[in-house]
Amino acid sequence: MPEIKLRDVTKRWGKFYAVDHLDLDIADNSFITLLGPSGCGKTTTLRMIAGLETPTSGQITIGDRVVFDSEAGINVPANKRKVGFLFQNYALWPNMTVYQNISFGLSNIHEEMPTYDLEAKKLNAKINALKNPKEFIKLIEECRDKSGKPDTDKIYLKLIDTYTVSIYTAKELYALKIHEASNVEKAAADAREKMEQELKARYDSHKNSGEELTEDFAVKQNGKVVKSVRKLTKEEVDLSVRRVSRIVKIGMFMDRYPAELSGGQQQRVAIARTLAPEPQVLFMDEPLSNLDAKLRLEMRYELQRLHLETGSTFVYVTHDQMEAMTLATKICLINNGVLQQYDAPLDVYNRPNNLFVADFVGNPSINFVEAKGTQQGGSLELTILNDKKAVFTPNEPIDMAQWFAKRDADEREAEAAKKRILEDKKAVEKGNKDEVFKYHISKVDESDYNMQEEPVITNEDFVIGIRPECIKVDASGEMEGIIFGAMPTGMESTIKVAIGDYLLTGVVFGSTLYKIGQKERFNIGGKDILLFDRKSGKCITAGQISIS
């Protein structure tokens, strides 16, 4: 499977930038999720890679092939990019059976492809099936109905899945009636001997024509596989349909119509139809959003398994951060058309780049606490929650003066880069301006939350990010709070603790029942407490905090 590269890709409508100068490398055989709130540009990014949307500028490469380049005037159409697309709406043909839905795209393929000796391939498959007559007979005997008669539909399906053959080959195998012979071993040996002679004759015929057959029965001449522009044969179409139906486990539904299937089964059919042409990359745009919660969880496991079995590159759009966390090898988090972070799921969770990333990823959401203070030696002495004194100790040594100097230099450089871009007469200033994320401080009384004036932010202003699992209920804890809310789920409870006017959300493992109004002492534990710069919203470092 190919690597996908996006270089300086932009898509805008007028002054609205859906995607803003995006650089992205999607590795071979990876499972990437494009994550972000509605309208952030994730679906637009997906559609541009697939060829369904034309970028305003930039370059897109799939493998070693440039499929879009605004400077060179290259724009390869979607049907030539060899990608599969799975939509939120499954778009199954209601008047077609499952088999017809999956095979529809295959029957329309007309391109250069290798020439195969399919008859030789069928003979070889039948010979292999008859090498163990006892297993062959046992398979057929397992498919009898209550009256003892063979259920041919089940037999065909068993033969297809066991020996990886087409329906036509399965029918030919059953028609040999080996199971009805008085001497099964002899009948199988005789049939096999006849087929081996026919197969040898085909090999000899190719040899006399100056040809040879590869292991998968492609025809070679002068050391090269013979290719021709052609359509797939019925045998090839059926083999492809049966291959993908085995992967998504829908072989028993081939004669049904979409209306006769559940939502999960329809989803499997849509996946099979997308996989059948063997696309280089599989794109999925919120494909599980129409399913109920339980089925959505089951399908996540199926997609994980599918990714491993196919070895394909998956690019998956979702606004559900739990879906992104559980499925992806890497998360590409976008906001307002701008890439915020591109990392492995746990790195995005534990070491977010900024306030937006920290807030968007995690359920329950992260706690934000405003802090004021300065660096004293290796630690920062802070005031939090109105009047509580705290000491934040970074995991790694940090010089805050240097950090602030680099932040200011980066901001000046970014502003200069914007001015250089706008000097071009063709450039359009971004209408949907990028702003520092406005985080939410949870309070007991939020009636006047939006009435507060914007403060003057200095280098002494910080935001502490505390994940819910870092709230530790402890009888000898540093702080006292009142249980404001409690939601037990069995193995854990989500609680809200009121400390003065402020609320902190915690996740406590175990089956302890907390009552609203009861007092508890607790600590803020662990080394994953995050320190953010309030002015830029960027994450400075991670560490631990103690409160006096």
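A few points on the structure. (Residues numbered from 1 in each chain as written. Predicted model: local features only at pLDDT ≥ 70, side-chain atom pairs only at ≥ 80, totals over all residues. Heavy atoms only, no water.)

**Remarks on the overall build of the chain**
Of the regular secondary structure elements, the chain holds 14 helices and 27 strands. Overall, the chain is about 95 × 65 × 45 Å in size when its C-alpha atoms are taken along their principal axes. Buried residues in the chain amount to 45% of all 548 residues. Long-range contacts, defined as pairs at least 24 residues apart, comprise 67% of the intrachain contacts of the chain with a sequence gap of at least 6. Element-wise, carbon and sulfur atoms account for 49% of the exposed surface of the chain, whose accessible area totals about 28300 Å². With 74 positive and 81 negative side-chain charges, the chain shows a spacing of 4 Å between the two charge centroids. (Helix = DSSP H or I, 4+ residues; strand = E, 2+ residues; numbered from the N terminus. Buried < 20%, exposed > 50% of the residue type's maximum accessible area, 1.4 Å probe, protein only. Contact = heavy atoms within 4.5 Å. Areas by Shrake-Rupley, 256 points an atom, 1.4 Å probe, with all protein chains shown as cover. Lys, Arg positive; Asp, Glu negative; His and termini not counted. Charge placed at Lys NZ, Arg CZ, Asp CG, Glu CD.)

**Examining unusual backbone geometry**
The linkage connecting Asn-363 with the following residue, Pro-364, adopts the cis geometry, with an omega of 0°. For Pro-364, the location among the structural elements is in the loop between α13 (355-360) and β17 (367-376).

**Topic: the sheet that holds strand β27 (residues 539-547)**
The sheet built from six strands closes into a barrel, its strands ordered β17-β18-β19-β27-β26-β20 with antiparallel pairing. Along the sheet, successive strands turn relative to each other by an average axial angle of 45°, direction set aside. Examined bridge by bridge, β17 and strand β20 (residues 461-466) share six bridges and lie antiparallel to one another. Within the sheet, the bridge partner assigned to Asn-367 lies in β20 and is Ile-466. (Pairing = 2+ DSSP bridges. Axes fitted to C-alpha atoms, helices over the stretch in contact; angles between N-to-C directions.)

**So, the pairing of strand β24 (residues 502-509)**
Of all the eight residues making up β24, seven are buried; the element is thus mostly covered by neighbouring parts of the structure. In this sheet, β24 lies alongside strand β23 (residues 492-499) in antiparallel orientation, the contact comprising eight bridges. Its bridge partner being in β24, Ser-493 is matched across the sheet by Val-508. Here β23 hands over to β24 after two residues, with Gly-500 in that stretch at a positive phi of 65°.

**A word on the environment of Gly-543**
Summarising the element assignment, Gly-543 is placed in strand β27. Counting along the chain gives 291 residues from Gly-543 to Met-252, while the straight-line C-alpha distance between them is 55 Å. For Gly-543, the residues in contact, after removing those within four places along its chain, are Phe-392, Thr-393, Pro-394, Asn-395, Gly-526, Lys-527, Asp-528 and Ile-529.

**A word on helix α14 (residues 400-422)**
For α14, spanning 23 residues, the distance from its first C-alpha to its last is 33 Å, which sits close to the expected 33 Å at 1.5 Å a residue. All of the buried residues in α14 are Met-400, Trp-403, Phe-404 and Arg-407. Those residues of α14 that are buried lie in contact with β17, β18 (379-384), β20, β26 (529-533) and β27. (Expected span 1.5 Å × (residues − 1).)

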